[in-house]
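What follows is each chain in one-letter form.
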Amino acid sequence: MVTGVLFDFSGTLFRVEPVESWLRAVLDACGVRMSGAEVQRTAAALAAAGALPGGSTPQRVPDELAGAWAARDSTAALHRTAYTGLSRQVRLPDPGLHDALYDRHKTPEAWQPYPDTAPVLAELHARGVAVGVVSNIGWDLRPVFSAHGLAPYVDAYVLSYEYGIQKPDARIFALACKELGLAPEEVLMVGDDRGADGGAAGIGCGVFFVDHLPRSERPDGLRPVLKLAGDGTGRQSDTRSP
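Caption draft 1: Geometry of the pairing of strand 5 (residues 156-159). Residues A156 and V158 line one face of strand 5 and the alternating positions Y157 and L159 line the opposite face, and both faces are buried. When strand 4 (residues 130-135) meets strand 5, the two strands line up parallel, connected through 4 bridges. Its bridge partner lying in strand 5, S135 is registered against L159. Of the crossover connections in this fold, the one passing from strand 4 over helix 7 (residues 142-147) to the parallel strand 5 is right-handed.

Caption draft 2: Quick look at the nonpolar core. The biggest cluster of nonpolar side chains holds 57 residues, and the ones touching the most others in it are V5, F7, F9, L124, L141, F145 and V190. At 5 residues, helix 1 (residues 19-30) tops the list of elements feeding residues into this core.

Caption draft 3: Fine view of the confidence of the model for the protein. Mean pLDDT over the protein works out to 94, with 95% of the residues at or above the 70 mark. Taken as a whole, residues 236-242 scores under 50 in pLDDT and shows 15 contacts with residues more than four places along the chain or in a different chain.

Caption draft 4: Looking closely at the pairing of strand 6 (residues 187-191). Of all 5 residues in strand 6, 5 are buried, a share of seventy percent or more. Residues V187, M189 and G191 point to one face of strand 6 and L188 and V190 to the other, with burial holding for every one of them. Pairing analysis gives 4 bridges linking strand 1 (residues 4-7) to strand 6, with the strands arranged parallel. Its bridge partner lying in strand 6, F7 is registered against V190.

Caption draft 5: Representation of the packing of helix 4 (residues 76-87) against helix 5 (residues 97-105) within the structure. Packing of helix 4 against helix 5 brings their axes to within 9 Å, and their N-to-C directions diverge by 125°. The pairing of helix 4 with helix 5 is recorded here as oblique in orientation. Our pair here, helix 4 against helix 5, has a crossing hand that is right-handed. In contact with A76, H79, R80, Y83, T84 and S87 of helix 4, helix 5 contributes H98, D99, L101, Y102, D103 and H105. A per-class count over the contact of helix 4 with helix 5 returns 4 nonpolar, 5 polar and 3 charged.

Caption draft 6: Broad picture of the pattern of salt bridges. For the coordinates displayed, the defined rule picks out 11 salt bridges. D103 is the partner of R80 in a salt bridge, and the nearest nitrogen-oxygen pair spans 2.5 Å. One end of the pair, R80, is in helix 4; the other, D103, is in helix 5, and 23 residues separate them in sequence. Classification of D103 as partly exposed rests on a relative accessible area of 34%. Across the pair D140 and R142 runs a salt bridge whose closest N-O atoms are separated by 2.8 Å. Look at R142 and you get partly exposed, because its relative accessible area is 26%.

Caption draft 7: Geometry of the packing of aromatic side chains. Applying the stated rule across the entire model yields 8 aromatic pairs. Their ring planes at 45° and their centres at 5.3 Å tell us that F9 and F14 sit as a pair that is tilted. With a centroid separation of 5.5 Å and an interplanar angle of 70°, the aromatic rings of W69 and Y83 are classed as edge-to-face. With W69 in helix 3 (residues 66-70) and Y83 in helix 4, the pair connects residues that are 14 residues apart, well separated along the chain. Each member of the pair, W69 as well as Y83, carries the same accessibility label: buried. By the ring-pair criterion, three or more aromatic residues cluster together here, those being F9, F14, W111, W139, F145 and Y157.

Conventions and cut-offs
- Residues numbered from 1 in each chain as written.
- Predicted model: local features only at pLDDT ≥ 70, side-chain atom pairs only at ≥ 80, totals over all residues.
- Heavy atoms only, no water.
- Buried < 20%, exposed > 50% of the residue type's maximum accessible area, 1.4 Å probe, protein only.
- Helix = DSSP H or I, 4+ residues; strand = E, 2+ residues; numbered from the N terminus.
- Pairing = 2+ DSSP bridges.
- Right-handed = clockwise from strand over helix to strand, strands pointing away.
- Core = buried A, V, L, I, M, F, W, Y, C linked by side-chain atoms within 4.5 Å.
- pLDDT = per-residue confidence, 0-100.
- Contact = heavy atoms within 4.5 Å.
- Axes fitted to C-alpha atoms, helices over the stretch in contact; angles between N-to-C directions.
- Parallel < 35°, antiparallel > 145°, perpendicular 65-115°, else oblique.
- Left-handed = near helix turned anticlockwise from the far one by under 90°.
- Nonpolar A, V, L, I, M, F, W, Y, C, P; charged D, E, K, R; others polar.
- Salt bridge = Lys/Arg side-chain N within 4 Å of Asp/Glu carboxyl O.
- Phe/Tyr/Trp six-rings, centres within 6.5 Å; stacked < 30°, edge-to-face > 60°.

Right under this line is the structure:
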């Protein structure tokens, strides 16, 4: 019986802003002017480069970034190196914009929860189901949850860069289960990446996958989790109308 749920962050509970919005926000903050056509062209190039963490996968990772890319979520330094390196494949009016873009993506303003994130987390909390966040990431996402009023619903955060362990390594899921005080068989892992998040199955967790889609295209992808979770005491809850 599921008495604890682990969630991935990006593409599962939250969605990062579109690349063009990301770029425009930084240009405005830095006082840099570009024409609308230039912004669109540059945003498309940044998207192709995979420069926005939580956005599209790079079409090609340059050889000189291959090592940093493979281990990007294991330390904060490698995460910055990998993503600013991808950004620098695109020419910008001011070289300082590359670091500014990276810094922008770490702000709460750059992230929005999926429409059903708050109600699902609130319902799990009300049932007494333990909730954790397990993320491959290079920075502290706790302020994002706080800014969006979701921190009260999360009991534990296990972030790859704080442990030097990346999903799908079974150790990160074992750490998360330990943080919740539960055996893996009592825990459901919810994520959007079958390769990374599916690693939880290796220690006996259940797994449930959602699609990494824009918020408007996935209004209720998390709702089935309520049918899979118990009430925190091992009893299945009545969730006929989640």
